[in-house]
Amino acid sequence: MAVRSEIDSQNIPAHVAIIMDGNGRWAKQKGGLRIFGHQSAITAVRETVEGAAEAGVRYLTLYAFSTENWARPAIEVTALMQLLVHTIRKETPTLLKNSIRLQAIGQIDNLPASCQKELAEAMELTKHGSRMTLVLALSYSGRWDLAQASRRIAQEVAAGRLQPEQVTEATVAGYLSTAGIPDPELLIRTSGEQRISNFLLWQLAYTELFITDLLWPDFRRQHLYDALRAYQQRERRFGKTSEQLTVS
């Protein structure tokens, strides 16, 4: 596993996104209920957030709860929401101490009132954090994000405040829930699944993918450093040739 000293501090992705997968399978392997896996994943979140901030990552987005997750058994969803409230409350002082700003994207209005309250309070308390922004994707889906952006753009066009020919890629990006945040340069997915699961569909257009078989509760900052080092060994061409990059 990599250590921080092995990472080029001049080539750190500004934005890292993570699909935190494998909690249920991890719990099953341990002979426990799925919620045991979710509870055990808190250490992985803490290690990753601290490791990302120490490495110089500016934005870290965690896929914490997808729109599709609402279809899980009610007892698991309820336990997850309670865990979310507890975790936000417990970790907010650490975010403040480390100057980490908390934000959230997704259909936040669908969360229980207690979750919305805890989230709003934590975001208000940490709003001046300047070291890193931690973005929680909650009740989020990439298709929802594109649909809500499309509706808002259509409303602007219908009201005459925007002409159809003025709608560009930059326009769309400005109406997404991630407006003002750079697109992820690196996406990490745990548990070995090779799909993006309706996450940041627009934003991941040119993102480097790093997939590990490790289940999320076992993920630690050293594994984050492995992903960062792998990213630094990639050649990001954005449709150009290697020769063109060399000339430029």
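Read on for a plain summary of the structure. (Residues numbered from 1 in each chain as written. Predicted model: local features only at pLDDT ≥ 70, side-chain atom pairs only at ≥ 80, totals over all residues. Heavy atoms only, no water.)

So, the nonpolar core
Leu60, Leu134 and Ile188 are the most contacted members of the largest nonpolar core, which totals 45 residues. Broken down by element, the residue count for this core peaks at 7 residues, all from helix H3 (residues 74-97). Discounting chain neighbours no more than four positions away, the residues touching Leu60 are His15, Val16, Ile18, Thr48, Val49, Ala52, Met132, Thr133, Leu134 and Val135. Grouped together as the second largest cluster of nonpolar side chains are 13 residues, Tyr63, Ala137, Leu187 and Phe199 included. (Core = buried A, V, L, I, M, F, W, Y, C linked by side-chain atoms within 4.5 Å. Buried < 20%, exposed > 50% of the residue type's maximum accessible area, 1.4 Å probe, protein only. Helix = DSSP H or I, 4+ residues; strand = E, 2+ residues; numbered from the N terminus. Contact = heavy atoms within 4.5 Å.)

Overview of the side chain of Ser141
Inspection of the secondary structure puts Ser141 in the loop between strand E4 (132-140) and helix H5 (142-158). Assessed through its relative accessible area of 4%, Ser141 is described here as buried. From its side chain, Ser141 meets the backbone nitrogen of Trp144 in a polar contact 2.9 Å long. Residues contacting Ser141, with those up to four places away along its chain left out, are Tyr63, Thr67, Glu68 and Asn198. (Polar contact = N/O pair within 3.5 Å; in protein donor to acceptor, adjacent residues only side chain to side chain.)

Topic: the layout of surface pockets
As a volume, the largest pocket reaches approximately 1,000 Å³. As for the largest pocket, its lining consists of 44 residues, and the residues nearest its centre are Met20, Asn23, Tyr63, Ala64 and Phe65. When residues of the lining of the largest pocket are traced back to their parent elements, those giving at least two are helix H1 (23-29), helix H2 (34-55), strand E2 (59-66), H3, strand E3 (100-105) and E4. With 10 residues, H3 is the single largest residue contributor to the lining of the largest pocket. Among the residues forming the lining of the largest pocket, the class breakdown is 22 nonpolar, 12 polar and 10 charged. (1 Å grid on protein atoms, 1.4 Å probe; cavity = no way out; pocket = protein on both sides within 12 Å on 5 of 7 lines; lining within 4 Å. Points joined across faces, edges and corners; volume = space filled by probe spheres on them. Nonpolar A, V, L, I, M, F, W, Y, C, P; charged D, E, K, R; others polar.)

So, unusual backbone geometry
The phi angle at Ser99 is positive, at roughly 55 degrees, despite the residue not being glycine. Its place among the elements puts Ser99 in the loop between H3 and E3. Of note in the backbone geometry, Ser197 takes a positive phi value of approximately 50 degrees without being a glycine. Tracing the chain through its elements places Ser197 in the loop between strand E5 (186-189) and strand E6 (208-211).

Some words on the packing of aromatic side chains
Inspection of every chain in the model, using the stated rule, returns 7 aromatic pairs. Aromatic side chains Phe65 and Trp70 sit 4.8 Å apart centroid to centroid with 75 degrees between the ring planes, which places their arrangement in the edge-to-face category. Overall, the relative accessible area of 2% leaves Phe65 in the buried class. Seen from their ring centres, Tyr140 and Trp144 are 5.9 Å apart, and the 80 degrees between their planes marks the pair as edge-to-face. (Phe/Tyr/Trp six-rings, centres within 6.5 Å; stacked < 30°, edge-to-face > 60°.)

What to know about the pairing of E3
Both E3 and E4 contribute to a ladder of 6 bridges, which runs parallel. Each bridged residue has a counterpart across the sheet, and for Arg101 the counterpart in E4 is Thr133. In terms of handedness, the path from E3 via helix H4 (residues 113-125) over to E4 forms a crossover that is left-handed. (Pairing = 2+ DSSP bridges. Right-handed = clockwise from strand over helix to strand, strands pointing away.)

Some thoughts on the pattern of salt bridges
Using the criterion set out here, one finds 17 salt bridges in the structure. With its nearest N and O atoms 2.9 Å apart, the salt bridge here joins Asp21 to Arg189. Of the two residues, Asp21 sits in the loop between strand E1 (15-19) and H1 while Arg189 sits in strand E5, which places them 168 residues apart along the sequence. Here Glu193 and Arg25 are joined by a salt bridge, their closest N and O atoms 3.2 Å apart. Remark: Arg25 occurs in helix H1 and Glu193 occurs in the loop between E5 and E6; sequence separation between them is 168 residues. The exposure class assigned to Arg25 is partly exposed, which follows from its relative accessible area of 34%. A network of salt bridges, in which partner residues are shared, links Asp21, Arg25, Arg189, Glu193 and Arg195. (Salt bridge = Lys/Arg side-chain N within 4 Å of Asp/Glu carboxyl O.)

Details of the pairing of E6
Across the two faces of E6 the burial differs, with Glu208 and Phe210 buried and Leu209 and Ile211 not buried at all. Relative to E6, E5 is paired through 4 bridges, and the arrangement is parallel. Note on E6: the bridge partner recorded for Ile188 is Phe210.

Comments concerning the packing of H2 against helix H7 (residues 221-232)
When two helices pack together, their arrangement is given by the angle between the helix axes and the distance between those axes. Put simply, H2 and H7 touch, their axes get as near as 8 Å, and they point 50 degrees apart. As far as their axial angle goes, H7 and H2 are oblique. The way H2 lies across H7 gives a crossing that is right-handed. Note on element contacts: H7 touches H2 through Arg221, Gln222, Leu224, Tyr225 and Leu228, opposite Glu47, Thr48, Glu50, Gly51, Ala52, Glu54 and Ala55. Residues that form the contact of H2 with H7 fall into these classes: 5 nonpolar, 3 polar and 4 charged. (Axes fitted to C-alpha atoms, helices over the stretch in contact; angles between N-to-C directions. Parallel < 35°, antiparallel > 145°, perpendicular 65-115°, else oblique. Left-handed = near helix turned anticlockwise from the far one by under 90°.)

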